[in-house]
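Topology and contacts: notes
Here are the chains, one letter per residue:
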Amino acid sequence: MSSTEQSPQASPEATPVKPVIPAAAAKRANASVIGMIMALAVSLLAILPVVLLNAAPKSEPRRPVVDVSSSAANAAGVAGFAPVVPSLPDGYSPNYARWNGAGTDGVSHWDIGYLTPAQQFVSVVQTGTANPTWLNEQVKRAPVTGTRSVAGVDWTLYDKPGIEKSLVATVGGTTVVLSGSAGFSELDEVAGAVVTSATHR
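Described in the following lines is the structure provided in the data block. Values in this document were obtained by computation on a predicted structure and should not be read as measured data.

**Section: the pairing of strand E7 (residues 174-180)**
- Burial within E7 is extensive, with seven of its seven residues counted as buried.
- Going residue by residue along E7, you find Thr174, Val176, Leu178 and Gly180 tucked away on one face and Thr175, Val177 and Ser179 tucked away on the opposite face as well.
- The pairing of strand E3 (residues 121-127) with E7 spans six bridges and is classified as antiparallel. Note on E7: the bridge partner recorded for Val125 is Val177.
- For strand E6 (residues 163-171) and E7, the ladder comprises seven bridges, and the chain directions are antiparallel.

So this is what it looks like as structure tokens:
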């Protein structure tokens, strides 16, 4: 035996194997991770505005302040009649009150719009120069379906499925048309207030 001893070589089984990932595969893996991160970021950016908008408390829609009495006083000088100013209970809010000059139909008229307690709409249109063509347009060409007696006045009812109802009567020497999506109880309440306004002026 030689005096110089050689150290035994380690067996292949004892040597740890380091996996080698090809460069292309590593690049693809990194690209997949980066792509997932970018997709997540885009998703968060898309959702964030929705969350922020819904987080804010929803406030009541702003309603315009309408002074029906003042508008009626201004219109009285050109109307040739006393524009009605219905006195309605709490829950009815006017969203416009205006005088409309005569158009191609030749009819000028006083016009008020109300939002009712049931969140429906009623318009009050009053004129001293009504004609059949104008009236037919106001009731949306709906047929006469009956009459209703409100506040001692007989109102003609115009009604057609899918179209707003209308009540028409002669009040204080003028033609008054009430139209809208409101039910009969609210239409009757507005009609009574119109009659009271017209007869106490």
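Read on, since the account is not over.
**Overview of the pattern of salt bridges**
- Scanning all chains against the criterion turns up four salt bridges.
- Here Asp111 and Arg98 are joined by a salt bridge, their closest N and O atoms 3.6 Å apart. Highlighted residues: Asp111 in strand E2 (residues 109-115) and Arg98 in strand E1 (residues 93-100), separated in sequence by 13 residues.
- On the basis of relative accessible area, Asp111 is assigned to the buried category, the value being 7%.
- The partly exposed category is assigned to Arg98, whose relative accessible area is 40%.
- Among the ionic pairs, Lys140 bridges to Glu164, the shortest N-O distance being 3.1 Å. With Lys140 in the loop between helix H3 (132-138) and strand E4 (144-150) and Glu164 in strand E6, this pair connects stretches of sequence that are 24 residues apart.
- Its relative accessible area of 27% is what places Glu164 among the partly exposed residues.

**Some thoughts on unusual backbone geometry**
- The phi angle at Gln119 is positive, at roughly 60°, despite the residue not being glycine.
- Note that Gln119 resides in the loop between E2 and E3.
- A positive phi angle, near 60°, is found at Arg141, a position not held by glycine.
- Structurally, the position occupied by Arg141 is in the loop between H3 and E4.

**Description of the nonpolar core**
- Residues Trp110, Val124, Trp155, Leu178, Val190 and Val194 are the most contacted members of the largest nonpolar core, which totals 31 residues.
- Mapped onto this core, the elements with two or more residues apiece are helix H2 (68-79), E2, E3, strand E5 (153-160), E6, E7 and helix H4 (184-199).
- If one sorts the elements of this core by residue count, H4 sits on top with six residues.
- Val107, Val125, Leu135 and Val139 belong to the second largest nonpolar core, which has nine residues in total.

**What to know about the packing of aromatic side chains**
- Scanning the entire structure with this criterion turns up two aromatic pairs.
- Between Phe81 and Trp99, the ring centres sit 6.0 Å apart and the planes meet at 55°, which makes this aromatic pair tilted. Placement of Phe81 in the loop between H2 and E1 and of Trp99 in strand E1 is noted, with a sequence separation of 18 residues between them.
- Look at Trp99 and you get partly exposed, because its relative accessible area is 24%.
- Between Tyr96 and Phe121 the ring centres are 6.3 Å apart and the planes differ by 35°, which places this aromatic pair in the tilted class. Highlighted residues: Tyr96 in strand E1 and Phe121 in strand E3, separated in sequence by 25 residues.
- Given a relative accessible area of 18%, Tyr96 falls into the buried group.
- One residue, Arg98, lies across the ring of Tyr96, its end atom 4.0 Å from the ring centre.

**Considerations on the sheet that holds E6**
- Strands sit in the order E1-E2-E3-E7-E6-E5-E4 across an open sheet of seven strands; the sheet is antiparallel. Looking at the sheet topology across the chains shown, the edges are occupied by E1 and E4. The average undirected angle you get between the axes of adjacent strands in this sheet is 20°.
- Bridge count for E2 against E3 is six bridges, and the pairing is antiparallel. Note that in E3 the partner of Tyr114 across the bridge is Val122.
- Sheet strands touched by H4: E3, E4, E5, E6 and E7. Its angle to E6, the strand with the most contacts, is close to 25°.

About the thresholds
Residues numbered from 1 in each chain as written. Predicted model: local features only at pLDDT ≥ 70, side-chain atom pairs only at ≥ 80, totals over all residues. Heavy atoms only, no water. Buried < 20%, exposed > 50% of the residue type's maximum accessible area, 1.4 Å probe, protein only. Helix = DSSP H or I, 4+ residues; strand = E, 2+ residues; numbered from the N terminus. Pairing = 2+ DSSP bridges. Salt bridge = Lys/Arg side-chain N within 4 Å of Asp/Glu carboxyl O. Core = buried A, V, L, I, M, F, W, Y, C linked by side-chain atoms within 4.5 Å. Phe/Tyr/Trp six-rings, centres within 6.5 Å; stacked < 30°, edge-to-face > 60°. Lys NZ or Arg CZ within 6 Å of the ring centre and 35° of its normal. Axes fitted to C-alpha atoms, helices over the stretch in contact; angles between N-to-C directions. Contact = heavy atoms within 4.5 Å.

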